[in-house]
Amino acid sequence: PFDPWARTMRVAAVLLVLEGDAASDRFGTAVAPLADVDGDRAPDFVVGAPWGKPPGTTDATGSVHVYSGATGRPLYDLVGPSTNSRFGQSVAGMDDMDGDGDGVLDAGPPYGSSPGLPNNGSAHLYSGANGAEIHVFHGPAPGAYLGQSVAALGAVAGARLDDLAPRWLAAAGP
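Residues numbered from 1 in each chain as written. Predicted model: local features only at pLDDT ≥ 70, side-chain atom pairs only at ≥ 80, totals over all residues. Heavy atoms only, no water.

Engineer: Could you clarify how one ought to interpret the overall build of the protein chain in this entry?
Structural biologist: If you tally the helices and strands in the protein chain, you get zero helices and 10 strands. For the protein chain, the α and β elements follow one another from N to C terminus as β-β-β-β-β-β-β-β-β-β. Every one of the 174 residues in the protein chain was classed for burial, and the buried ones make up 39%. Long-range contacts, defined here as pairs at least 24 residues apart, represent 46% of the contacts in the protein chain between residues at least 6 apart. Of the accessible surface of the protein chain, which amounts to about 9,700 Å², a share of 55% is contributed by carbon and sulfur atoms. (Helix = DSSP H or I, 4+ residues; strand = E, 2+ residues; numbered from the N terminus. Buried < 20%, exposed > 50% of the residue type's maximum accessible area, 1.4 Å probe, protein only. Contact = heavy atoms within 4.5 Å. Areas by Shrake-Rupley, 256 points an atom, 1.4 Å probe, with all protein chains shown as cover.)

This is how it looks when you write it as structure tokens:
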């Protein structure tokens, strides 16, 4: 264990080095553990790159990358829902939220906009097993920036399923 008063400290070995698609994509802005989604019995993980640009564009749509925790190999990638939304600014992994037994991934594009609600942001839930979108929560007002941060809370509502806490700016809240 870490002892701030100790004169020496053990340093762990580097297990894996990952790099983003481009120097400007801010790969690693958010990193979170994810339940085993590839069936190898090892927890996996997710990495956000909120300034990632889809091929052929100049927009910072953002992206999220899911990796095997056992091998480090890429499992799948998700691209943001709209231009300049900064998808992947925040990520969280949950054990199960929809009752299917698979892990769930949450990713926030806080600068996304809904019709008539500029920069209201959102929090997107995806199946950890295949990246299929399960649900989207939209920010309640313009400038709410919902999804600026997201957190998995565990099963706090008394059910056996995980709960989620997306954040929005208090000044824009309901």
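Engineer: Where do I start with the sheet that holds strand S7 (residues 122-127) in this structure?
Structural biologist: Strand pairing in a sheet relies on backbone hydrogen bonds. The paired strands run either parallel or antiparallel. Ordered in space as S5-S6-S7-S8, the four strands form an open sheet in which the pairing is antiparallel. In this open sheet, the two edge strands, each paired with only one partner strand, are strand S5 (90-94) and strand S8 (133-138). In this sheet, adjacent strand axes meet at a mean angle of 15 degrees when their direction is disregarded. Looking at chain direction, S7 and S8 are connected through five bridges and run antiparallel. Along S8, the bridge assignment pairs serine 122 with histidine 138. (Pairing = 2+ DSSP bridges. Axes fitted to C-alpha atoms, helices over the stretch in contact; angles between N-to-C directions.)

Engineer: How do you make sense of the confidence of the model for the protein chain when you look at a structure like this?
Structural biologist: The predicted model of the protein chain has a mean per-residue pLDDT of 81, with 79% of residues at 70 or higher. Note that residues 169-174 has pLDDT below 50 and, in this model, 12 contacts with residues that lie over four places away or in other chains. (pLDDT = per-residue confidence, 0-100.)

Engineer: I keep staring at the pairing of strand S3 (residues 63-67) and nothing clicks. Help me out?
Structural biologist: The side chains of a regular strand alternate between the sheet's two faces. Across the five residues of S3, five count as buried, placing the element largely inside the fold. Residues Ser63, His65 and Tyr67 point to one face of S3 and Val64 and Val66 to the other, with burial holding for every one of them. Here strand S2 (residues 44-49) runs beside S3; their pairing, made up of five bridges, is antiparallel. When the sheet's bridge partners are listed, phenylalanine 45 is paired in S3 with tyrosine 67. One ladder, built from five bridges, connects S3 with strand S4 (residues 74-79); its direction is antiparallel. Its bridge partner being in S4, serine 63 is matched across the sheet by valine 79.

Engineer: Help me understand the sheet that holds S3, please; the structure alone is not making it clear to me.
Structural biologist: Strand order in the open sheet formed by four strands is S1-S2-S3-S4, and the pairing between neighbours is antiparallel. Taken across any chain shown, the strands that pair with only one partner, and hence form the sheet edges, are strand S1 (30-34) and S4. For this sheet, the mean inter-axis angle between neighbouring strands, taken without regard to orientation, is 20 degrees. Sheet analysis places S1 next to S2, joined by five bridges and oriented antiparallel. The residue bridging valine 31 from the neighbouring strand is valine 47, located in S2.

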